[in-house]
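Read off the chains here:
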Amino acid sequence: MSLDSVTQSVDEAVSDFFEPIAKWLGEVVFYAVPVGGTDLPLIVAWLVVAGLVFTGWFGFVQVRKFRLAVDVVRGKYDEKGSAGEVNHFQALTAAVSGTVGLGNIAGVAVAVSIGGPGATFWMILCGLLGMATKFVEVTLGVKYREVHADGTVSGGPMHYLPKGLADRFGANGKKLGKVLAVLASFMILFFGLFGGNLFQVNQSYAQLVSVTGGEDGLIGSSAGALFFGILVAALVGIVLLGGIRSIANVTSRLVPAMAGIYIAACLVVILVHVTDVPSAIGTIIEGAFNPEGVAGGVLGALIIGFKRAAFSNEAGLGSAPIAHSAVKTKHPASEGLVALLEPFIDTVVICTMTALTIVIANPASWAEARTDNSIGGVTITSDAFETVLPWFPYILTVAVMLFAISTVLTWGYYGLKAWTYLFGRSRASELTYKVVYTLFAITGSLLTLQTLIDMADAVLFMLAVINIIGLYLLAPVVKRELNSFLEFVRARDAGEITDGDDDQESVKTTV
């Protein structure tokens, strides 16, 4: 029996078994209500409302404290002797690598095809709102993290939900938090294996095949797929064995590299069509408030923009606090401020650059997709670049590979923290997870398992319901932490304390 027939049989068997479950789960999680001639997924509204609430609650922190956030990333307010494993910049790049990916390339093309150019405006607005949500969840992640005896750190919703709710509401809060923490862990683990690993490897392999001659090309065969899977798995396994320090060292180089390559290509297209930039911006703004050919009109464009932005930056899902919790700091809100830069980079900068490139280049495939209501995805983005850079599909392949590998690494770490919360931190337990995760990377190039990936998406957004409830209940804690850090900043700037002072309150730790 050939490898092709084996993998196809596995794909079909898994799909047949899980398809009814995935369909039901998707209908529940992504339940939509008709609004103004289009459908509004309630989970998207849930995420956007959270962004609005936290933006107001913290007085537009994403605007007022943006410069301070940049200063923290630069290390201006670092403190010697702080618990943690990585610096602010490394924590930011590790978290960004988990969100910046194919959604920024293919997802944006889908948004401007279905929602028109105006969807870009609403994506930017959603990204700006998501900055406040990220600030809240990451501050809590650092506040209630566990610093173990060996110096490693564990954080995320599985830690701040039970500890935070216990702090605020006593024994009953602790019981509720424990249940929510277990559910959150299973959701993170499931998505990590299928959405953060298998899907990323599968799509990067597909892009590589497309530029190397297709199925009849150099690596189009099952043997080529297996070789690719083993190569990626080996790279992932080596880095994953090194823990968050190793992951952060890699992502702190990969993320700027992949973002630089991609943004540079966008700028080339934009500069070639520089005279068209004002009209393109005008088209985006006009399309936001007076869209043509978009189901639901303005509301339809808004919903599509918000949906793609929410799926891209993951604000409110509880995933990013896992990476940020490893930061070296004594003030949780310092990393919360760093984290608010994440949706800005992911959605406001990279997604906007993609959308602007498509609108300016106006490739034929985009016009065709808008006419027949099809979803072109990454091909539209690639075609937009190809109007100026005929060889760009090769560069796009490099970018996709970097996006995919960094995402696999980050979700490998997220999944590890969920696994150890559920099954313990023994060496055998951690090694078991790393072996399983590495094997999934191999299957990613051989199998699609689309049904399980659809389930993983639904499970991840179920996490948002649990997580955001916790964020609302614990927002007063975040307010106190922000005030504490701002007082520290004032004192540091005034010269009242120096980096050598060690009398500042440390983050609560648990051995």
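For the structure itself, consult the block above.
Given the structure is predicted, the values throughout are model-derived calculations rather than measurements. (Residues numbered from 1 in each chain as written. Predicted model: local features only at pLDDT ≥ 70, side-chain atom pairs only at ≥ 80, totals over all residues. Heavy atoms only, no water.)

**Section: helix α4 (residues 66-73)**
Given 3.6 residues per turn, any residue in an α-helix points the same way as the ones three and four places further on. Residues of α4 that are buried: Leu68, Ala69, Asp71, Val72 and Val73. At the exit of α4 stands Gly75, carrying a positive phi of roughly 90 degrees. (Buried < 20%, exposed > 50% of the residue type's maximum accessible area, 1.4 Å probe, protein only. Helix = DSSP H or I, 4+ residues; strand = E, 2+ residues; numbered from the N terminus.)

**Some words on the nonpolar core**
Phe58, Phe135, Leu140, Leu337 and Phe485 are the most contacted members of the largest nonpolar core, which has 156 residues in total. Of all the elements, helix α20 (residues 450-493) adds the most residues to this core, at 22 residues. Those residues in contact with Phe135, other than ones at most four positions away along the chain, are Phe58, Val61, Ala333, Gly336, Leu337, Leu340, Val478 and Leu482. (Core = buried A, V, L, I, M, F, W, Y, C linked by side-chain atoms within 4.5 Å. Contact = heavy atoms within 4.5 Å.)

**Things to note about the packing of helix α7 (residues 119-143) against helix α12 (residues 297-313)**
Relative orientation of the contacting elements α7 and α12 amounts to 45 degrees, with a least axis distance of 7 Å. Here α7 is positioned oblique relative to α12, judged by the angle of their axes. In terms of crossing hand, the pair formed by α7 and α12 is right-handed. Residues Ala119, Trp122, Met123, Leu125, Cys126, Gly127 and Lys134 of α7 lie in contact with α12, whose contacting residues are Val298, Ala301, Leu302, Ile304, Gly305, Phe306, Arg308, Ala309, Ala310 and Asn313. Within the contact of α7 with α12, the residues separate by chemical class into twelve nonpolar, three polar and two charged. (Axes fitted to C-alpha atoms, helices over the stretch in contact; angles between N-to-C directions. Parallel < 35°, antiparallel > 145°, perpendicular 65-115°, else oblique. Left-handed = near helix turned anticlockwise from the far one by under 90°. Nonpolar A, V, L, I, M, F, W, Y, C, P; charged D, E, K, R; others polar.)

**Brief notes about the side chain of Ser113**
Structurally, Ser113 is set in helix α6 (residues 102-114). A distance of 2.7 Å separates a polar atom in the side chain of Ser113 from the backbone oxygen of Ala109. (Polar contact = N/O pair within 3.5 Å; in protein donor to acceptor, adjacent residues only side chain to side chain.)

**Examining the packing of aromatic side chains**
Using the criterion set out here, one finds 22 aromatic pairs in the structure. Aromatic pair Phe54 and Trp57: ring centres 6.4 Å apart, planes at 25 degrees, arrangement stacked. In this pair, Phe54 and Trp57 both sit in helix α2 (residues 42-57), three residues apart, roughly one turn of the helix. Centroid distance Phe190 to Phe194: 4.9 Å. Interplanar angle 40 degrees. Geometry classified as tilted. Of this pair, Phe190 and Phe194 both sit in helix α8 (residues 157-210), four residues apart, roughly one helical turn. (Phe/Tyr/Trp six-rings, centres within 6.5 Å; stacked < 30°, edge-to-face > 60°.)

**With respect to helix α15 (residues 341-361)**
In this model, α15 (21 residues) spans 28 Å end to end at C-alpha, consistent with the 30 Å of a helix rising 1.5 Å per residue. Of all 21 residues in α15, 18 are buried; the element is thus mostly enclosed. Directly beyond the C-terminal end of α15, a positive phi value near 50 degrees is found at Asn362. (Expected span 1.5 Å × (residues − 1).)

**Structural notes on a nonpolar patch on the surface**
Together, Phe169, Val465, Ile469 and Leu473 make up a nonpolar patch on the protein surface, roughly 300 Å² of accessible area in all. Here the nonpolar patch gets three residues from one element, more than from any other, and that element is α20. By the element assignment, Ile469 lies in helix α20. Judged by its relative accessible area of 40%, Ile469 falls in the partly exposed class. (Patch = residues over 30% accessible without salt bridge, like charges linked within 9 Å, V, L, I, M, F, W, Y side chains within 5 Å. Areas by Shrake-Rupley, 256 points an atom, 1.4 Å probe, with all protein chains shown as cover. Salt bridge = Lys/Arg side-chain N within 4 Å of Asp/Glu carboxyl O.)

**So, the environment of Asn290**
Of note, Asn290 is situated in the loop between α11 (277-289) and α12. Residue Asn290 is classed as partly exposed on the basis of its relative accessible area, which comes to 47%.

**Observations regarding the packing of α8 against helix α18 (residues 392-423)**
Orientation of α8 relative to α18, taken along the N-to-C sense of each, is 145 degrees, at an axis distance of 7 Å. Along this stretch, α8 crosses α18, giving a crossing that reads as left-handed. Class assignment of the residues belonging to the contact of α8 with α18 gives a composition of 23 nonpolar, eleven polar and two charged.

**Section: the pattern of salt bridges**
Tallied over the entire structure, the rule returns six salt bridges. For Lys163, the salt bridge is made with Glu146, and the minimal N-O distance between the two is 3.5 Å. In this pair, Lys163 is assigned in helix α8 and Glu146 in strand β3 (residues 146-147), connecting sequence segments 17 residues apart. Here Glu146 falls in the buried class, since its relative accessible area comes to 18%. For the salt bridge of Glu487 with Arg490, the shortest nitrogen-to-oxygen distance reads 2.8 Å. Of this pair, Glu487 and Arg490 both sit in helix α20, three residues apart, roughly one helical turn. On the accessibility criterion, Glu487 (42% relative accessible area) is partly exposed. One continuous salt-bridge network, built from bridges that share partners, spans Glu487, Arg490 and Glu496.

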